[in-house]
Amino acid sequence: MKFGKLFGGSSKITRIMYGSDFHGSELVYRKFISAAFQYKADVLMVGGDVTGKAMVPVVHQGGGNYEGFLFGRREEANSGEELEKLKNTISNVGFYPIIIEKDEAAELEADPQKMSGRFEAEMCERIRQWMQLADEKLTPAGMKMYFMPGNDDLYSIDDVISEFENISNPDMKRFEMEEGYEVLGLSNANMTPWACIRDLEEDDLKKKLDTLAGMVQNPERAIVIIHVPPYGTPLDSCPDLDKNLKIITQGGQVVMKSAGSPAVKAFIDKVQPMLALHGHIHESAGHLRIGRTLAINAGSEYAEGIFKGALINLEGGKVKGHLLISG
Amino acid sequence: MAEMAATTEDRRLYARKSSGLVRTIGVFGAMVFGVHCISLSSSGLIPFSWVAGVWPGSSIIGVLTVAMIFCLFHAYTYSVIGATMPRSAADYTLASRVLSAPLAFAASWTLVIFSAMVAGSLIAWIPNTAIPVLFRTMGIIFNNPGFLSFAGWSESAAGIIIIGSICTVITFITMILPTRTILRILEVGFFLGIIAWVILYFQLGTAVGSFEAQWDKFMGAGSYAGRIQLAVDNGMVTNPNVAIMTLAGLIMGFWIFYGYYIPTFFAGEVKQAEKTLISGSWASLITTWAIFVVAALLLQRMVPLEWIAAESYLSNAGISDANPMPYITFYAAILRPSALLTWIVAIAWVYTLINLAQTYFFYCSRIIFAWSFDRLIPEKVCYIHPTLRSPIVAIAIITVIAEIGVIDAALGGVMGAQLNFVFFAVCTQLVPCLAITLFPFLKPDMFENASAFVRRKVGGIPVITLVGCVTLLYQVWMLVASFLFPAVGGRIGVGTLGTLAAFIISGIIVFYAARAYRLNKEGIDINWTFQSIPPV
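All of these numbers come straight from a predicted model, not from anything done at the bench.

**Details of the sheet that holds strand 9 (residues 174-176) of chain A**
Residue and element names in this part refer to chain A.
- As summarised here, the arrangement of the 6 strands in space is 9-10-13-18-20-19, forming an open sheet in which the pairing is mixed. Strands at the two margins of the open sheet, each flanked by one partner only, are strand 9 and strand 19 (286-290). For this sheet, the mean inter-axis angle between neighbouring strands, taken without regard to orientation, is 20°.
- For strand 9 and strand 10 (residues 182-186), the ladder comprises 3 bridges, and the chain directions are antiparallel. What sits directly across from F175, in strand 10, is V183.

The following block contains the structure:
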């Protein structure tokens, strides 16, 4: 006998499937969509950092033969089928395969503007494909998706997201869900060693959070998606780096430090939303209670092709239960 | 526009300026923690005080070398586990997703409980072995009856419980300090351990007289010459079957090197886990093997193996009238007596034994956190103290179990408990090792998307399946040998097997109780977290 039957059913539950930090991984995003169906989610939420970090040039060597390097290893494709497979492999780890001729590659490398433009186009195109996939799969099933960028994502992808009616970007916006729940978000992060496009100084981040706090109408039913986790919690612990961005070790252990935002912690302490969803620190998947707020960082293992997410059951204005999943 | 950050690396990768591109932990860093988990102190004593005397005539270097080679396979297996599931408690995480969640949890549950108890028995080794050996050494060399008397009291049941409990409290306090402080304590311990071995090498390499003369000077005239005969009179038989004793010695070898794979439990904190884990575990294995082998060579330069075996045999056989001192620290101390050097070694030994217990506390707490992520235990167990930023509840639970280990060691026998640990550890490791061996076939989609290190093949067969089979054979042999050779197997009896069964069954009960609770109260099925998610 199944436990569910043993203990009987209950009242209407709204189930959220949350994921973050896909970093361009086609495989992880497709698993995210699949997971929503597998676990019968009603709503999907994405916490940012959705674009990839690199392009992999797959250079035509002549005669229909192609060559590219993935993680330092030479990969060859000598037929159309092999080329498709190589493109998929590259896309699955979050990179963008670009099929180019040798002279085209040289041209790109010589022109930083052109290189950046190509990168931006690749990122936007993949996001557009993802939105189309979501639209195709989710809309007929009556599922809604909230898809927010993160500090690593260019602002131009916001425009791509906005092209799709059934997909909402909650970055500094407020949306109402059924049962009186409301969704708000913030894509920015405090400054990282990489000074990413949406990184802000802590004071500026605080100002945006103050504005966000003013937008919250019913904290007891509010879901806030804030890319960066609260400072000084188990959700924001990551390896400390030296000035060369190398991990610092001591006693043979990685030295960890808090990399979250004090302003986010203060926001949660003050506003006390029902649910706070975070990402940003891949190593720090977890969950904790901050007052009445359940804060979750789903973490990320996109490079391994593993989707890490969180299932959250809402019932009667409360988080009834939650579970971190991976697969 | 995307801002380009990295070079084009010879047309291999066009990287943009974004977070987290290059973050690796060096081989040295990974090796240091592996060495800590192996322990330069307790493991450094075993080859001379225990291995030599179990089968007199066996080669210390031979057993160390064969065991180290088999451990390389085991280390590879665990490195692949960490690379496949780069997160806390990778072994539990992998086995629960690939093989069976209840079984994986039960195995992990058993490993944690027994590891915490063994942490206690290791702490108990401070009053039971480390302090008596070092104080007896100083008592003999410097003719100090007070030291000899203290050594005797220290190894009594009362001494073990009192000193052991104090050390347990010290371990608890040091483990709830901020992580950076704990790491500093570990770092100091690593260098203290190295300094201690440099001192031992110096003493073994610059003896002020022959070994026989120095031994007789402190242990009595004619003592050296009569040692082998005394052991024979007490039942020592030299030269058994070399192949069999080497194979049986694999249990002891695994015990000596146990710990090199523990960084796998922290796989979530390292980047490029596939490189870091394999290089760290192999480097720590080879480094400690080299440290112990160099000591054995220096000693065997002056003393025949048979004599070392006799001294070890007298100790193992409990011939206390003979006042056996089969310890490398004692041999070194009598060859070049120095109060200062002996004190430094003594402090380093006690310090690194506490370090060893700390590593056990460390990895147990990480595994507990992994259970919490899967909602198998109450969240309060993983409460993080807001000021100390440490998992104070989890550490307190481990401390209580460790204290039970201290008392068990005082009333039972540390050696037996630790050899039983090999049996327990191997039983629990069978689950993740079987999971990774079958991983390419049970989860082909995940295997195909894993890193190149995990996907490596030879002749079309996954390397991890081949290496996993060798590891499983090694483990099965250790289980079989535990029964065939009780002298090294910890004398597994009904009580041991019953305890193992009770731990495993209690783990399965906890799993299903947690599942029922979450389903009933939260509408969440814990089993979801262990399922594969195919892409659309």
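**Overview of the interface of chain A and chain B**
- Each partner contributes residues to the interface: chain A has 86 residues there, and chain B has 70 residues.
- Note on chain A versus chain B: buried area summed over both sides is about 7,000 Å², and carbon and sulfur give 57% of it.
- Here chain A and chain B share 0 salt bridges between them.
- In this structure, the connection of chain A to chain B is made through 15 residue pairs in polar contact (both at pLDDT 80 or more).
- The element that contributes the greatest number of residues to the side of chain A that touches chain B is helix 5 (residues 112-138) of chain A, accounting for 9 residues.
- Its residues assigned to classes, the side of chain A that touches chain B comprises 41 nonpolar, 25 polar and 20 charged.
- Direction of pairing for strand 3 (residues 54-62) of chain A relative to strand 1 (residues 14-15) of chain B: antiparallel, over a ladder of 2 bridges. Opposite A54 of chain A, over in strand 1 of chain B, you have A15 of chain B as the bridge partner.

**Examining the pairing of strand 7 (residues 144-147) of chain A**
All names here are of chain A.
- The sheet contact formed by strand 2 (residues 43-46) and strand 7 spans 4 bridges and is parallel. Each residue of the ladder has a partner; that of V43, found in strand 7, is K144.
- Bridge count between strand 7 and strand 8 (residues 167-168): 2 bridges; the pairing is parallel. Bridge pairing in strand 8 places Y146 opposite S168.
- As for the winding sense of the linkage, the β-α-β connection from strand 7 through helix 6 (residues 156-162) to strand 8 is right-handed.

**Notes on the nonpolar core**
- Residues F211, W215, Y258, Y363 and W371 of chain B are the most contacted members of the largest nonpolar core, which totals 181 residues.
- Among the elements that take part in this core, helix 5 (residues 101-141) of chain B stands out by supplying 24 residues, more than any other.
- Setting aside chain neighbours within four positions, we find W371 of chain B in contact with Y92, F105, S108, W109, V112, L376 and I377 of chain B.
- With 36 residues, the next largest nonpolar core counts F22, A35 and L138 of chain A together with I524 of chain B among its residues.

**Observations concerning the packing of aromatic side chains**
- Inspection of the entire model under this criterion finds 51 aromatic pairs over all chains.
- Between the aromatic rings of Y29 of chain A and W130 of chain A, the centroid separation amounts to 4.2 Å while the plane-to-plane angle is 5°, which identifies the pairing as stacked. One end of the pair, Y29 of chain A, is in helix 2 (residues 26-38); the other, W130 of chain A, is in helix 5, and 101 residues separate them in sequence.
- Here Y29 of chain A falls in the buried class, since its relative accessible area comes to 0%.
- A ring pair is formed by F423 of chain B and F424 of chain B, whose centres lie 6.4 Å apart and whose planes are at 75°; its orientation type is edge-to-face.
- Classification of F424 of chain B as buried rests on a relative accessible area of 3%.
- Among the aromatic residues, those joined into a ring-pair cluster are F70, Y78, F254, Y258, Y260, Y261, Y360, Y363 and Y474 of chain B.
- Sitting above the plane of the Y155 of chain A ring, R198 of chain A keeps its charged end 4.1 Å from the centroid.
- Taking NZ or CZ as reference, R221 of chain A lies 5.4 Å from the ring centre of Y181 of chain A, over its face.

**A few points about the domain arrangement of chain A**
Residues and elements named next belong to chain A.
- For chain A, the assigned domains read domain 1 (3-51 + 130-326) and domain 2 (55-113).
- Of note, the centres of domain 1 and domain 2, computed from C-alpha atoms alone, are 32 Å apart.
- The partner domain 2 presents 5 residues to the 8 residues of domain 1 that form the contact.
- Where domain 1 touches domain 2, the interface holds 0 salt bridges.
- Run the count over domain 1 and domain 2 and you get 3 residue pairs in polar contact (both at pLDDT 80 or more).

**Here's the deal with the sheet that holds strand 22 (residues 318-326) of chain A**
- A sheet is described by the order of its strands in space; here 6 strands give the open sequence 8-7-2-1-21-22 (chain A), paired in mixed fashion. Since the sheet does not close on itself, it has two edges, and those belong to strand 8 and strand 22 of chain A, each with one partner.
- With 4 bridges joining them, strand 1 (residues 14-19) of chain A and strand 2 of chain A adopt parallel strand pairing. Across the sheet, Y18 of chain A pairs through a bridge with M45 of chain A, a residue of strand 2 of chain A.
- In the packing of helix 22 (residues 494-522) of chain B onto the sheet, the strands contacted are strand 21 (308-315) and strand 22 of chain A, and the crossing angle to strand 22 of chain A comes to about 135°.

Rules behind the numbers
- Residues numbered from 1 in each chain as written.
- Chains lettered and ligands numbered in written order.
- Predicted model: local features only at pLDDT ≥ 70, side-chain atom pairs only at ≥ 80, totals over all residues.
- Heavy atoms only, no water.
- Pairing = 2+ DSSP bridges.
- Helix = DSSP H or I, 4+ residues; strand = E, 2+ residues; numbered from the N terminus.
- Axes fitted to C-alpha atoms, helices over the stretch in contact; angles between N-to-C directions.
- Contact = heavy atoms within 4.5 Å.
- Buried area = accessible area lost by both parts, 1.4 Å probe.
- Salt bridge = Lys/Arg side-chain N within 4 Å of Asp/Glu carboxyl O.
- Polar contact = N/O pair within 3.5 Å; in protein donor to acceptor, adjacent residues only side chain to side chain.
- Nonpolar A, V, L, I, M, F, W, Y, C, P; charged D, E, K, R; others polar.
- Right-handed = clockwise from strand over helix to strand, strands pointing away.
- Core = buried A, V, L, I, M, F, W, Y, C linked by side-chain atoms within 4.5 Å.
- Buried < 20%, exposed > 50% of the residue type's maximum accessible area, 1.4 Å probe, protein only.
- Phe/Tyr/Trp six-rings, centres within 6.5 Å; stacked < 30°, edge-to-face > 60°.
- Lys NZ or Arg CZ within 6 Å of the ring centre and 35° of its normal.
- Domains from an automatic or database assignment.

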